[in-house]
Amino acid sequence: MQLPPDRLAEFLGALGDIPVETAPHILKQKSRDFFWYSPILTGQLEGRIADAVASPRDEADVLRIAELCVRYGVPLTPRGAGTGNYGQAVPLSGGLVLDMSSLDMIGPITNGVVRVGAGAKMRAIEDSVRVQRWELRMFPSTVRTATIGGFIAGGSGGVGSINFGMLNQRGNIPAVRVVTAESSPRVLELRGDAVNQVHHAYGTNGIITELEVALAPAQDWVQVGVTFPDFARLTRFCQALAEADGIVKRLITAIQAPTPGRMRALPFAVAPNASLGLMLIAGGSMEPFHDLTAQHGGDMAYLATPSEAVAKRVTPIYEFTWNHTTLQMLKVDRTITYLQTRFPADGGLDLVHALARELAGEVLMHLEFVRVNGRLLCSGLPLVRYTTPERLNEIIAIFDAHGVFVANPHTYVLEDGGKKETDAAQAAFKGAADPFGLLNPGKMRGAPAPLPLPA
Ligand code: FAD
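Conventions and cut-offs
Numbering of residues starts from 1 in every chain and runs along the sequence as written. Local features in this predicted model are restricted to residues of pLDDT 70 or higher, and side-chain atom pairs are both shown and tallied only at a pLDDT of 80 or more, whereas totals for entire chains, interfaces and linings draw on every residue. The basis for every side-chain value is the complete set of heavy atoms in the structure, and neither hydrogens nor water enter the calculation. The helix and strand labels rest on DSSP assignments: H or I over at least four residues marks a helix, E over at least two residues marks a strand, and numbering proceeds from the N terminus. Just to be clear, the radius of gyration here is over C-alpha atoms, and the globule rule we use is 2.2 Å times residues to the power 0.38. Type-normalised accessible area, obtained with a 1.4 Å probe on protein chains alone, sets the label of each residue: buried when under 20%, exposed when over 50%, and partly exposed for intermediate values. Residues count as neighbours in contact if any of their non-hydrogen atoms are within 4.5 Å of one another. Following DSSP output, two strands are said to pair if at least two bridges run between them. To be clear, the arc concerns the directions from the helix axis to the C-beta atoms. Throughout, an axis means a line fitted to C-alpha atoms (over the contacting stretch in the case of helices), and angles, computed between N-to-C directions, take values from 0 to 180 degrees. These domain boundaries are the output of an automatic or database domain assignment. Accessible area, probed at 1.4 Å, shrinks when two parts are joined; the buried area is that loss added up over both. Near residues are defined by distance, with any heavy atom within 4 Å of the molecule or strand qualifying the residue. Any N or O atom pair separated by 3.5 Å or less is treated as a polar contact, with the protein-specific requirement of one donor-capable and one acceptor-capable atom, and with residues adjacent in sequence counted only for side-chain atom pairs. In short, Shrake-Rupley with a 1.4 Å probe defines the accessible areas, and a residue's cover is counted only from the protein chains shown. Any residue that is not Ala, Val, Leu, Ile, Met, Phe, Trp, Tyr, Cys, Pro, Asp, Glu, Lys or Arg is counted as polar, Gly included; the first ten are nonpolar and the last four charged.

1. Some thoughts on the overall build of the protein chain
Along its length, the protein chain carries 15 helices and 21 strands. Computed over C-alpha atoms, the radius of gyration of the protein chain comes to 22 Å, within 12% of the 23 Å expected from 2.2 N^0.38 for 455 residues, which places it in the range of a compact globule. Across its three principal axes, the protein chain shows a C-alpha extent of roughly 70 × 50 × 40 Å. Burial status across the protein chain gives 58% buried among its 455 residues. Here the contacts in the protein chain between residues at least 6 apart in sequence split such that 72% fall between residues at least 24 apart.

2. Section: the pairing of strand 5 (residues 106-110)
Where strand 5 meets strand 6 (residues 113-117), 3 bridges bridge the pair, whose relative direction is antiparallel. Counted as the bridge partner of Ile109 is Val114 from strand 6. Between strand 5 and strand 6, which pair antiparallel in sequence order, lie 2 residues; one of them, Asn111, sits at a positive phi of approximately 50 degrees.

3. What to know about the side chain of Ser285
Mapping Ser285 onto the fold places it in the loop between strand 13 (275-282) and helix 10 (286-296). By relative accessible area, Ser285 is classed as buried at 5%. When residues no more than four places from it in sequence are discounted, the contact partners of Ser285 are Gly246, Ile247 and Val248.

4. Considerations on helix 5 (residues 122-130)
Listed in full, the buried residues belonging to helix 5 are Met122, Ile125, Glu126 and Val129. What you see down the axis of helix 5 is that its buried residues fit within an arc of 100 degrees, all on one side. Looking at the packing, one finds that the buried side of helix 5 touches strand 5, strand 6, strand 7 (134-136), helix 6 (148-154), strand 10 (207-217) and strand 12 (249-255).

5. Some words on the sheet that holds strand 17 (residues 363-364)
An order of 15-20-17 is seen for the 3 strands of this open sheet, with the pairing classed as antiparallel. Here the strands that pair on one side only, and so sit at the sheet edges, are strand 15 (336-338) and strand 17. The sheet strands contacting helix 12 (residues 323-330) are strand 15 and strand 20 (383-385), and the helix crosses strand 15 at an angle near 170 degrees.

6. Here we look at the domain arrangement of the protein chain
Parsing the protein chain into structural domains produces domain 1 (5-99), domain 2 (106-217) and domain 3 (221-338 + 341-406). Between the C-alpha centres of domain 1 and domain 3 the distance comes to 36 Å. On the side of domain 3, 10 residues touch domain 1, which itself brings 7 residues to the contact. Where domain 1 abuts domain 3, roughly 720 Å² becomes buried across the two surfaces, and 68% of that area is made up of carbon and sulfur atoms. Three residues stand out in domain 1 for area buried against domain 3, namely Trp36, Tyr37 and Ile40, and they jointly supply 70% of the buried area on that side.

7. Some remarks on the sheet that holds strand 3 (residues 76-79)
Pairing within the open sheet is mixed, and its 4 strands lie in the order 1-2-4-3. Where the open sheet ends on each side, the last strands, each with one partner, are strand 1 (20-21) and strand 3. Sheet topology places strand 2 (residues 52-54) next to strand 4 (residues 96-99); 3 bridges connect them, and they run parallel. What sits directly across from Ala54, in strand 4, is Leu98. Its contacts with the sheet place helix 4 (residues 59-72) against strand 2, strand 3 and strand 4, and it is angled at close to 170 degrees to strand 4.

8. Concerning the site of the ligand
Neighbouring the ligand are 37 residues; Pro78, Thr83, Thr147, Ser156 and Gly157 lie closest to it. At 2.7 Å from an oxygen atom of the ligand is found a main-chain nitrogen or oxygen belonging to Gly80. Take Gln88: an N or O atom from its main chain is 3.1 Å from an oxygen atom of the ligand. Calculation on the ligand without its partners gives an accessible area of 970 Å², and the protein chains cover 97% of this total. Those elements that place two or more of their residues in the shell around the ligand are strand 3, helix 6, strand 10 and helix 12. Looking at the shell around the ligand element by element, the count peaks at 5 residues for helix 6. Class assignment for the residues of the shell around the ligand results in 16 nonpolar, 20 polar and 1 charged.

9. Looking at the environment of Ala118
Here Ala118 is to be found in the loop between strand 6 and helix 5. The class for Ala118 is buried, based on a relative accessible area of 2%. For the pair Ala118 and Asp104, spaced 14 residues apart in sequence, the C-alpha to C-alpha distance is 6.5 Å. Look past the residues within four positions of Ala118 in its chain and what remains in contact with it is Leu103, Thr147, Ile148, Gly149, Gly150, Ile208, Thr209, Glu210 and Leu211.

Listed below in structure tokens is the structure:
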């Protein structure tokens, strides 16, 4: 919206001692995320810039900011580390970006659950709980930079989803504390299923200040790369590994040739015609893992124990998985983009190979194996050679026609991406928590009509 200068000055003055930035380079930097993965979003979102960035130091600051935003009619977009992919953190209507990174408390662990501030970095949480032999149940491949609040509000799953499903599976996030954007903002503690009202809602219906995160017992993970001359054999191996309940794992990724051979930053060489599996396997499961690899005829291309990985200081292999696979390829080829898909549990691999054949030359497969509601299936982040928006939509339609779920990553509107529809509970919560439509406006189509601002 770009506030008139005198109104902006008055609003910023009212914020008092809360740290605020208005330097143009900071505004530009903190108004962006990784939407540039998408040629479509790039055209739509370049140049959308906040009027100011505020950095609350605690929940009291968040409450004060929310109240003043309502009083002055200023749109408010929460932000973690800005690693989202769909322009989620871009302030479409300008206003205030709320940098949550100072709310970085990491509390004690109780019964395998840790209480943390929304701005805590996920890597810091993982390192902290590991001291007591716990670890995160799942993290995005951006774990080194992303915040836990941003993951809950904008992410979906990641490394660990092979064991614990996606974030929204009951029990993964026991509680979330949010601040509303009402005339007199409230602090709400959502527990149990109510957490899903704010999960993957892009901060449109509450500002998360704190949350509880369920943990898993820590393991010493061995990083492994296995190659196959044939993608179908690799996927069969990955499926067998996913089904091998006695082998403890945290990650199973399958990347079709020639992508792995082109990923320059990989800490090992891969032949151009080799397809690559990347895995995290518990140290105690390496012997049966070697047996399974030999049975399937895979070549062990890389192996790093935790101490070797630290000593070698190489990029961890999870930074070649999930949406890092796309990033690694964008570093060498800016003509590609990607899709986010989910193959059905029954016959999913047949569909993977049928689509790989049908779209050969345009689409290269990249699969992440996950367990959802007790069933093993593949999430796909296929790389797509981008030509035109029309062809991209045709490719999405081809996946759809085969019964593959597509969470379109080329839109910033929640319902046009993975959400598909805003359910009644989420819409009602939005109406109550953000009656004036000031929280990250423009992202939730199913939002109730905003009330007029108070006089
Ligand atoms: P941001 O990008 O800052 O914010 C994300 C959304 O949450 C925005 O809508 C923002 O407004 C909102 N938000 C942030 N903080 C709050 C808060 N405190 N209260 C309310 N709303 C808030 N995602 C996955 O799920 N799995 C992956 O494996 C994965 N891999 C990725 C790899 C790459 C290379 C990239 C670029 C992205 C990847 N992502 C992945 C997307 C993204 O990194 C994650 O979702 C990450 O957790 C977002 O955290 P963030 O702190 O950067 O959030």
